[in-house]
Amino acid sequence: MKKNIKNILICLGISAIALSSCKKDLNLSPVSNLSDASYWKTPDQVDAFVSGIHTRFRDHNTSFEFLGEVRADIYGTDPGTTATFTGEATQGMERMWLHTLDADNSGVSNFGGFYNNINQINLLINKLNTTNIVSETSKKNYLGIAYGMRAFYYFQLYRSWGKAVIVTDPTVDIDISNLAKPASTEAEVMSLIKSDIDLSNENFGTDYSFSAKNKKGFWSKSATQMLNAEVHLWTSYRGGGTADAKIAKTALTSIQSGAPALSLLNNFADVFSSTGKDNNEVIFVSRNKLNEATLPFIGNFVPQTSLIINFYDSLAVRKFDVVTDNYGGLLRIPTKIATYRKFNENDLRKNLTIQAAYSQPAAGTFKIAGAFLKKYQGEQNAGSRAFTNDFPIYRYADLLLLLAEAKVALGESPATEINLVRARAFGSNYNEVTLGYPHQAIDADPKEAILQERLLEFIGEGKRWYDLRRMGNNYVFAKTGLASSETYKLLWPIDRTSLTNNRALTQTDGYPLF
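Quantities reported herein were computed from a predicted structural model and do not represent experimental measurements. (Residues numbered from 1 in each chain as written. Predicted model: local features only at pLDDT ≥ 70, side-chain atom pairs only at ≥ 80, totals over all residues. Heavy atoms only, no water.)

### Some points on unusual backbone geometry
Then step 1. Note the cis peptide between Tyr437 and Pro438, where omega equals 10°.
Then step 2. In this structure, Pro438 sits in the loop between α16 (432-435) and α17 (446-458).
Then step 3. We note that Asn110 has phi near 55°; this positive angle belongs to a residue other than glycine.
Then step 4. Position of Asn110 among the secondary structure elements: in the loop between α6 (94-98) and α7 (114-130).
Then step 5. A positive phi angle is found at Lys215, which is not glycine, with a value near 50°. (Helix = DSSP H or I, 4+ residues; strand = E, 2+ residues; numbered from the N terminus.)

### Let's talk about the packing of helix α14 (residues 396-409) against α17
Then step 1. Two elements in contact, α14 and α17, have axes whose closest approach is 10 Å; the angle formed by their N-to-C orientations is 170°. Between α14 and α17, the interaxial angle falls into the category roughly antiparallel. Every residue of α17 that contacts α14 at Ala397, Asp398, Leu401, Leu402, Ala404, Glu405 and Val408 is listed here: Pro446, Lys447, Ile450, Glu453, Arg454, Glu457 and Phe458.
Then step 2. Classifying every residue of the contact of α14 with α17 gives eight nonpolar, no polar and six charged. (Axes fitted to C-alpha atoms, helices over the stretch in contact; angles between N-to-C directions. Parallel < 35°, antiparallel > 145°, perpendicular 65-115°, else oblique. Contact = heavy atoms within 4.5 Å. Nonpolar A, V, L, I, M, F, W, Y, C, P; charged D, E, K, R; others polar.)

### Overview of the nonpolar core
Then step 1. Grouped together as the largest cluster of nonpolar side chains are 140 residues, with contacts concentrated most on Tyr154, Ile193 and Trp219.
Then step 2. With 14 residues, the top contributor of residues to this core is helix α8 (residues 136-161). (Core = buried A, V, L, I, M, F, W, Y, C linked by side-chain atoms within 4.5 Å. Buried < 20%, exposed > 50% of the residue type's maximum accessible area, 1.4 Å probe, protein only.)

### Quick look at the pairing of strand β1 (residues 282-286)
Then step 1. For β1, the buried fraction is high: five of the five residues fall into the buried class.
Then step 2. Note that β1 and strand β8 (residues 391-395) share four bridges and pair antiparallel. Each residue of the ladder has a partner; that of Phe284, found in β8, is Tyr394. (Pairing = 2+ DSSP bridges.)

### Some details on the packing of aromatic side chains
Then step 1. Tallied over the entire structure, the rule returns 32 aromatic pairs.
Then step 2. Seen from their ring centres, Phe111 and Trp161 are 5.1 Å apart, and the 70° between their planes marks the pair as edge-to-face. Of this pair, Phe111 sits in the loop between α6 and α7 while Trp161 sits in helix α8, and the two are 50 residues apart along the sequence.
Then step 3. Residue classification places Phe111 among the buried positions, given a relative accessible area of 10%.
Then step 4. Relative accessible area serves as the criterion here: at 5%, Trp161 is assigned to the buried category.
Then step 5. When the centroid spacing of 5.1 Å and the interplanar angle of 70° are considered together, the rings of Trp219 and Phe284 count as edge-to-face. One end of the pair, Trp219, is in the loop between α9 (186-204) and α10 (221-258); the other, Phe284, is in strand β1, with 65 residues separating them in the sequence. (Phe/Tyr/Trp six-rings, centres within 6.5 Å; stacked < 30°, edge-to-face > 60°.)

### Quick word on the pattern of salt bridges
Then step 1. Evaluation of the coordinates by the stated rule reveals 34 salt bridges.
Then step 2. A salt bridge links Arg318 to Asp325, with the nearest nitrogen and oxygen atoms 3.0 Å apart.
Then step 3. Looking at Arg318, the relative accessible area reads 25%, which means it is partly exposed.
Then step 4. Residue Asp325 is classed as buried on the basis of its relative accessible area, which comes to 2%. (Salt bridge = Lys/Arg side-chain N within 4 Å of Asp/Glu carboxyl O.)

Here it is, written out as structure tokens:
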């Protein structure tokens, strides 16, 4: 790890575009004395450091997507097949949705790479609390960002591995041989998460504004309150009861009053458009931009151009072609046909979220062959498709459905929030008497109604696995391929390299010991 210690601050202290090249795995590398002593001198340097933290956050989009969604019931090869409909091999990705992960095939390794940015956040917090480089107003804003983002990272670790190594001090002048540290208990990790959320809210105060320069691409008070709601809904099912559900509801309604410009867009597709960034529905996104960064995981979810042209788009009554359908991926994680069929035919999200592909056994006759993720269309650039869509972390539809969930926990009606989402989904076809809550059959169980609405709304946004886990293990067992006899697999295994590098760690309970 010593080979990287002199460039950590340099990487984080330059412009966002240059930062995209600083992608070495820093793990928990210590900050060099030389860099540390010469860097923290001006407000511009601190501002660049904060920008760097957000750039590193973007580097974790693949981990966010895999941890939050791929093990759920959305993706997989269809019954009777072991490869995608295009013939591309899944190459180990299937271990996530088949729940056959182990230390050597862990799905996500090195704890998602999260600790390298946690370390930088720790350094930022330390410097802000021990120096007077920036104004008091900027200091509080930066601390609000730092504590909020650190809580977000630890919530990812908590939901994925349960126990986690807690590191809250920057690793300056640390002996490499003493890096070994055992994981803290789940209760201790949750305590840190809630404490950091409180510190974030305290530093943001009543400021719900978004960054003037970076807009929705920077963490904000609204992002902290969305996280606050997620965390307390999670704990409301695990002993926190109505007290925690009330905290979640208050956090969400405070966003509505503090940031009143937030709302649902009329057109679902516009939320994800590369040309409509920072729209009113967005609360916080991981930013991508042409010639800077593109969605890193998308190639696993879309097919090779040379293979998709063998199939048809039945809605457009056309064969796919290399100009329009130049996805350029290697389809390792296909969307199930069953997922596509879960949508009502009049739900506009269906064909905006998923692309169905058909064979044509006879002229004018189409037979569905498979499906893949369509939500992120990117933009055409010099004859190639660039997936420059931002990756949504939080948006207003999420707020509404979390609020509906909090209301159900408190014995209140979720109709207003659910119906706002459904009305947008069905557009001119919406009839509240037949499609609105509580008039669909699934609405007899409001939790099931919310889970279904979140499934249809957030495919491709890294939420489904976490949604099922939040509401309870029984939902995971009922809707995924995970058997109730393998409860330990609700959490992820720790990869062999991480166990080797930190001998104080122990494998996630239930998995074979290291």
